[in-house]
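Below are the chains, spelled out letter by letter.
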Amino acid sequence: QQQVKQSPQSLIVQKGGIPIINCAYENTAFDYFPWYQQFPGKGPALLIAIRPDVSEKKEGRFTISFNKSAKQFSLHIMDSQPGDSATYFCAASNSFGNEKLTFGTGTRLTIIP
Amino acid sequence: GAGVSQTPSNKVTEKGKYVELRCDPISGHTALYWYRQSLGQGPEFLIYFQGTGAADDSGLPNDRFFAVRPEGSVSTLKIQRTERGDSAVYLCASSFFGTGSNQPQHFGDGTRLSIL
């Protein structure tokens, strides 16, 4: 059972644009929602995370929007750069991350100059 | 080191062989996780240690897979009688453990396992 659905599978955006990646979850016990960035041959690196008691969180050029009633959350990347080209994964967990992460299937993002 | 270290970075072996994959967590992290990532997919949970004990092993696919963390630091994932379907990148992550606060998991670069 896939508990976290992620879309789109791939995304191409021009430099300076705002790519948006969406995720939806089923398990209402999830209380911690991180986003990870992964480059080829490397492990996932934590970008930003949110808890369901807030609707938005910003860190630098990265913003998470969270809709608890719809069980959806999304990642926005402001002023995107070619160096942001990577695969992005949303994830969810219980107990504020003290348990296993359930990952989405990933979005391959390409930023063209 | 500063980050999670996994060795070897690559492992190629024949079907039916036994393999061991090692993970050195970030110093002081009490929680350690193993995940498996197939090509084009997100990481899938295998097992989670809190200290020396396995707190959740619900993701291990079958009894050919086993993991230990005898001293609460380094962990070894062991796969017996390997099959071609075991080919994947095996990722290790570690974190502090603390109730009521976010505990981000930090990942190593993984071991790429190829079963011929």
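Below is a summary of the structure that appears in this document. Computed from a predicted structure; not experimentally measured.

A word on the interface of chain B and chain A. Counting residues at the interface gives 25 residues for chain B and 19 residues for chain A. Note on chain B versus chain A: buried area summed over both sides is about 1700 Å², and carbon and sulfur give 49% of it. Ranking the residues of chain B by area buried against chain A places B:Asn102, B:Phe107 and B:Asp109 at the top, with a combined share of 27%. Between chain B and chain A we count one salt bridge in total. Across the pair A:Lys42 and B:Asp109 runs a salt bridge whose closest N-O atoms are separated by 3.7 Å. Taken together, the connections running from chain B to chain A amount to five residue pairs in polar contact (both at pLDDT 80 or more). Here the element with the most residues in the side of chain B that touches chain A is strand β4 (residues 31-37) of chain B; it accounts for three residues.

This next bit is on the pairing of strand β5 (residues 44-50) of chain B. Residue and element names in this part refer to chain B. In terms of residue burial, β5 counts as a mostly covered element, since five of its seven residues are buried. Relative to β5, β4 runs antiparallel, the two sharing six bridges. Its bridge partner lying in β5, Tyr 33 is registered against Tyr 48. Relative to strand β6 (residues 53-56), β5 runs antiparallel, the two sharing three bridges.

By the element assignment, A:Ile50 lies in strand β5 (residues 45-50). Between the alpha carbons of A:Ile50 and A:Asp31 there is a distance of 8.5 Å; along the sequence they are 19 residues apart.

Taken together, the side chains of A:Ile18, A:Ile20 and A:Met78 present a nonpolar region at the surface, about 240 Å² in accessible area. Here A:Ile20 is to be found in strand β3 (residues 20-25).

About the thresholds
- Residues numbered from 1 in each chain as written.
- Chains lettered and ligands numbered in written order.
- Predicted model: local features only at pLDDT ≥ 70, side-chain atom pairs only at ≥ 80, totals over all residues.
- Heavy atoms only, no water.
- Contact = heavy atoms within 4.5 Å.
- Buried area = accessible area lost by both parts, 1.4 Å probe.
- Salt bridge = Lys/Arg side-chain N within 4 Å of Asp/Glu carboxyl O.
- Polar contact = N/O pair within 3.5 Å; in protein donor to acceptor, adjacent residues only side chain to side chain.
- Helix = DSSP H or I, 4+ residues; strand = E, 2+ residues; numbered from the N terminus.
- Buried < 20%, exposed > 50% of the residue type's maximum accessible area, 1.4 Å probe, protein only.
- Pairing = 2+ DSSP bridges.
- Patch = residues over 30% accessible without salt bridge, like charges linked within 9 Å, V, L, I, M, F, W, Y side chains within 5 Å.
- Areas by Shrake-Rupley, 256 points an atom, 1.4 Å probe, with all protein chains shown as cover.

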